[in-house]
Amino acid sequence: MNRIPLEKKVLSENDRIAAELRQRFAEHGILCLNLVSSPGAGKTALLEGTLGAFPRDQRVAVLTGDIQTDSDAVRLARFGFPVRQITTGGTCHLDARMIEKALADWRLEDLDLLFIENVGNLVCPSSYDLGEAAKVVVLSVAEGEEKPLKYPSMFIRSELLILNKIDLLPYVPFDLAKARQNAQKVHLGIEMLEVSCVTGEGLPQWQGWLEKRLSSSSRKLAAT
Ligand SMILES: Nc1nc2c(ncn2[C@@H]2O[C@H](COP(=O)(O)OP(=O)(O)OP(=O)(O)O)[C@@H](O)[C@H]2O)c(=O)[nH]1
Ligand SMILES: [Mg+2]
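Since we're looking at a predicted model, the values are computed, not measured.

Re the sheet that holds strand β6 (residues 158–164)
Hydrogen bonding along the main chain pairs the strands of a sheet, whether they run parallel or antiparallel. Strands sit in the order β3-β2-β4-β1-β5-β6-β7 across an open sheet of seven strands; the sheet is parallel. Taken across any chain shown, the strands that pair with only one partner, and hence form the sheet edges, are β3 (83–87) and β7 (191–194). The sheet shows a mean angle of 20 degrees between the axes of neighbouring strands, taken without regard to direction. Across four bridges, the pairing between β6 and β7 is parallel. Looking at β7, one finds that Leu161 is bridged to Met192. In the packing of helix α4 (residues 96–103) onto the sheet, the strands contacted are β2 (60–66), β3 and β4 (113–117), and the crossing angle to β3 comes to about 140 degrees. Strand contacts of helix α7 (residues 176–186): β6 and β7, with the helix running at about 160 degrees to β7, the strand carrying the most contacts.

Describing the coordination of the magnesium ion (ligand 2)
Here the magnesium ion (ligand 2) is held by Thr44 (OG1), Asp72 (OD) and Glu117 (OE), and the distances to it run 2.0 to 2.1 Å. In the primary structure, the donors to the magnesium ion (ligand 2) are separated according to the pattern T-x27-D-x44-E. Placement of Thr44 in helix α2 (residues 43–53) and of Glu117 in strand β4 is noted, with a sequence separation of 73 residues between them.

About the cut-offs
- Residues numbered from 1 in each chain as written.
- Chains lettered and ligands numbered in written order.
- Predicted model: local features only at pLDDT ≥ 70, side-chain atom pairs only at ≥ 80, totals over all residues.
- Heavy atoms only, no water.
- Pairing = 2+ DSSP bridges.
- Helix = DSSP H or I, 4+ residues; strand = E, 2+ residues; numbered from the N terminus.
- Axes fitted to C-alpha atoms, helices over the stretch in contact; angles between N-to-C directions.
- Contact = heavy atoms within 4.5 Å.
- Donors = N, O, S within 2.8 Å, 3.2 Å for Na, K, Ca; no water.

If you want it as structure tokens, here you go:
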């Protein structure tokens, strides 16, 4: 049995669509971020904290992926920004065609920032380019500090690591210094932030990171 050629074909088709999406995002000056993590690390909670702090006129939208249910979209729609659920019906990751389809009737000229919340899975989403400017990986302190070593590709491909649920540090045997060290071991130079979506600690630093990223993508647009 030879499975490699088919996998290659699927991924190269995905890369072709992702390249087109990246081009469209660049033309419209949209910063697109792909949030990845294992199930329950806090991607939706981070987006709730993020959208909740934005002014009403922020040009932001969210695509959120899940295998079943639209519960994340319901949570996020409360903030009044465009949100669309992508239900994969079994597939454990989003792919570029799903993003293309979900955006088909959206006016990209109305957006500066697009968040994609990927399906909770620390493995498969790392192989699928969605045309994003960067992946942001969320790791919660309840998951164990060895995760960057066990699931390296997600950390290698992410620009930023958000260590979430730091409010739980007094209750779980999680070695924060070791987690940071492990992340640097697999991806030297990865940026890292410590956050609690419950207490709000670290969210201003995340907002600062977003502002920095948004201003560099609008500078790029102005230069073209
Ligand atoms: N204590 C604590 N709980 C948190 C924090 N962030 C999220 N949670 C809780 O963790 C659970 C999962 O959070 P979600 O935001 O749904 O996680 P997710 O990554 O979006 O999950 P999936 O979409 O299923 O992959 C929820 O019960 C949240 O309330 C945090 O900083 N501290
Ligand atoms: Mg979620």
